[in-house]
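# An overview of the molecular structure
The residues making up each chain are set out below.
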Amino acid sequence: MTTVMGVPPFGRGREWGSVPEELSARVPVEQRGAGLDRDSVRLLVSRGTEVSHHEFVELPLQLRAGDLLVVNVSPTLAAAVDGRVGRARVVVHFSTRGDDGRWAVELRDPDGRGTTRARAGGPAGTEVHLPGDVRLVLEEPLAPHSPRLWWGRVSDPDVPRLLRRHGRPIRYSYTERDQPLSVYQTVFALPSADGSGSAEMPSAARPFTPRLVAELVSRGVQFAPITLHTGVASAESHEPPYPERYEVPPASARLINAVKAGDGRVVAVGTTAVRAVESAAGADGVVRAREGWTDLVVTTERGVRVVDGLLTGLHEPEASHLLMLEAIAGGAAVDRSYEEALSGLYLWHEFGDVHLILPDENPHSGHCSSNCW
């Protein structure tokens, strides 16, 4: 068992406190047995401290006509590229493209098992030789408090082409083997005009299949697309999210506001969808069409203005995402659901099971709904 004992510097300790190593999902569910599809994962449903256990194919039964699912349409990039620093082999994880053409990158060391391990960042001026006679020069840390990611300039500005030709999906040590990029694309992924995308899959949407989407639509559940290009979040680090590019288009903003004005519930598919929608919401709770960069970290102190529920994967105790879950559901509800996930042997990480957080609508409950101030 791997015990995770760290307490996040920006959050509280977790009562449940550890995740056994054997609960890491090592391969996609559709590769675990005959007849399985992406929607064959398990679904933990929590309403306040009330928890129930389901299969993901039962999601339409947990929602109702008029509900709205906010989905991230960012495609996943083949963001890992082999390179060399002098004679040393490295792997470059391309995270985020800046407005000035530079890329935020993380350099990692190959571990000899097909994955990578952490590597000291920098220093400024480090030159990385990439395939196709392309050079990457590190210029400055992305954030002064964490030298893990650096802004770097690439000699060939067409980095998306470099990734298409020489990249592969980012893979962490808990996975069993390399997977094709298609395994990391969600059913909602759309190509962006400038070739941008996510360094890591917006994984909460991975279990959706076209069949399940069609069933949800037939039951009156609506969908609102947004875009947030996720950066790298290595398994060794649990910093708060770095600034990321996002867009909430006008049609989605209108739809979200209409659902909020009616009887429907706004359920974000993934923490990325929460981050985008809450970044586009004013203090009055109205969502406006916006695009740009967000450095928003949703905490219990900040709260949520728009989102009523969340569909998400399972997060480790140090993950800053848990602060968001607590802002939506409350600390007691999150602790209760994670105790159930551990005792029920749910699987963690991007190929794992999922957790649906819905408002506690019990009038006798002492816990308020997600939008309490």
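Residues numbered from 1 in each chain as written. Predicted model: local features only at pLDDT ≥ 70, side-chain atom pairs only at ≥ 80, totals over all residues. Heavy atoms only, no water.

### Here's the deal with the packing of aromatic side chains
As enumerated under the stated definition, the model contains seven aromatic pairs in all. Between F56 and F208, the aromatic rings sit 5.2 Å apart at their centres with planes inclined by 85°, giving edge-to-face as the arrangement. Of this pair, F56 sits in the loop between β2 (50-55) and α1 (59-62) while F208 sits in the loop between α2 (159-166) and α3 (210-218), placing them 152 residues apart in sequence. Judged on exposure class, the residue F56 and its partner F208 are both buried. One aromatic cluster is present, built from ring pairs that chain together F56, F188, F208 and F223. Against the face of Y346 rests R42, its NZ or CZ located 3.8 Å from the ring centre. (Phe/Tyr/Trp six-rings, centres within 6.5 Å; stacked < 30°, edge-to-face > 60°. Helix = DSSP H or I, 4+ residues; strand = E, 2+ residues; numbered from the N terminus. Buried < 20%, exposed > 50% of the residue type's maximum accessible area, 1.4 Å probe, protein only. Lys NZ or Arg CZ within 6 Å of the ring centre and 35° of its normal.)

### Digging into α2
Along α2, the residues that are buried comprise V159, P160, L162 and L163. Taken end-on, α2 shows its buried residues confined to a sector of 160°, consistent with a single buried face. Of the exposed residues in α2, the ones pointing more than 90 degrees away from its buried face are R164 and R165. Summarising the contacts, the buried residues of α2 are in contact with β4 (80-85), β5 (88-97), β6 (103-110), β8 (127-130), β9 (134-143) and β10 (146-154). (Arc of directions from axis to C-beta. Contact = heavy atoms within 4.5 Å.)

### Considering unusual backbone geometry
P123 follows G122 through a cis peptide bond whose omega is 0°. By the secondary structure assignment, P123 is in the loop between β7 (116-118) and β8. One non-glycine residue, D133, lies in the positive phi region at around 60°. Along the chain, D133 falls in the loop between β8 and β9. The exposed category is assigned to D133, whose relative accessible area is 70%.

### Concerning the sheet that holds β2
Spatially, the nine strands line up as an open sheet ordered β2-β1-β16-β15-β13-β3-β11-β12-β14, and their pairing is mixed. Either end of the sheet is taken by a strand with one partner, and the two such strands are β2 and β14 (290-294). Within this sheet the neighbouring strands show an average axis-to-axis angle of 20°, counted without direction. Where strand β13 (residues 266-269) lies against strand β15 (residues 309-312), three bridges are found, and the strand directions are parallel. Its bridge partner lying in β15, A268 is registered against L310. (Pairing = 2+ DSSP bridges. Axes fitted to C-alpha atoms, helices over the stretch in contact; angles between N-to-C directions.)

### Thoughts on the pattern of salt bridges
Considering all chains together, one arrives at 27 salt bridges under this definition. Put simply, R177 and E176 hold a salt bridge, and the shortest N to O gap is 2.5 Å. One network of salt bridges, in which partners are shared, links D100, R102, E139, E140 and R153. (Salt bridge = Lys/Arg side-chain N within 4 Å of Asp/Glu carboxyl O.)

### Examining the pairing of strand β3 (residues 68-72)
Every regular strand shows the same layout, with side chains that alternate between the two sheet faces. Among the five residues in β3, five count as buried, and that is most of the element. Taking every second residue as pointing to the same face, both faces of β3 are buried, with L68, V70 and N72 on one and L69 and V71 on the other. Two strands pair when backbone bridges link them, and β3 and strand β11 (residues 222-228) are joined in this way by five bridges, in the parallel orientation. Directly across from L69, in β11, lies its bridge partner F223. Looking at chain direction, β3 and β13 are connected through three bridges and run parallel. Its bridge partner lying in β13, L68 is registered against V266.

### Considering the nonpolar core
For soluble globular proteins, the rule of thumb is that nonpolar side chains tend to be buried together. In this structure, V70, V248, I256, V274, V287, I328 and W348 are the most contacted members of the largest nonpolar core, which totals 50 residues. When residues of this core are traced back to their parent elements, those giving at least two are β3, β11, β12 (244-248), α4 (250-261), β13, α5 (271-279), α6 (321-329) and α7 (331-343). Residue contributions to this core peak at six residues, all from α6. Within the second largest apolar cluster, 31 residues are counted, among which are V81, V128, A143 and V159. (Core = buried A, V, L, I, M, F, W, Y, C linked by side-chain atoms within 4.5 Å.)

### Let's talk about α3
Those residues of α3 not exposed but buried are L212, V213 and L216. Taken around the axis of α3, the buried residues stretch over an arc of 100°, which confines them to a single face. More than 90 degrees from the buried face of α3, the exposed residues found are P210, R211 and S218.

### Observations concerning the packing of α6 against α7
Where α6 meets α7, the closest approach of the two axes is 7 Å, and the angle between their N-to-C directions is 115°. Between α6, through L322, L325, E326 and A329, and α7, the contact on the second element is made entirely by G331, A333, V334 and Y338. Split by residue class, the contact of α6 with α7 holds six nonpolar, one polar and one charged. (Nonpolar A, V, L, I, M, F, W, Y, C, P; charged D, E, K, R; others polar.)

### A closer look at the confidence of the model for the protein
Per-residue pLDDT for the protein has a mean of 89; in total, 91% of the residues score no lower than 70. Of the regions scoring below 50 in pLDDT, residues 1-12 engages in 30 contacts with residues more than four places distant in sequence or in other chains. Confidence over residues 363-373 falls short of pLDDT 50; this stretch has 18 contacts with residues more than four positions distant or in other chains. (pLDDT = per-residue confidence, 0-100.)

### A closer look at the side chain of S95
Following the sequence through the fold, S95 ends up in strand β5. For S95, a relative accessible area of 4% translates into the label buried. For S95, the side chain forms a polar contact with the side chain of T96, separated by 3.3 Å. In this structure S95 touches W103, A104, V105, L149, A199, T230, G231 and V232, once residues within four positions along its chain are discounted. (Polar contact = N/O pair within 3.5 Å; in protein donor to acceptor, adjacent residues only side chain to side chain.)

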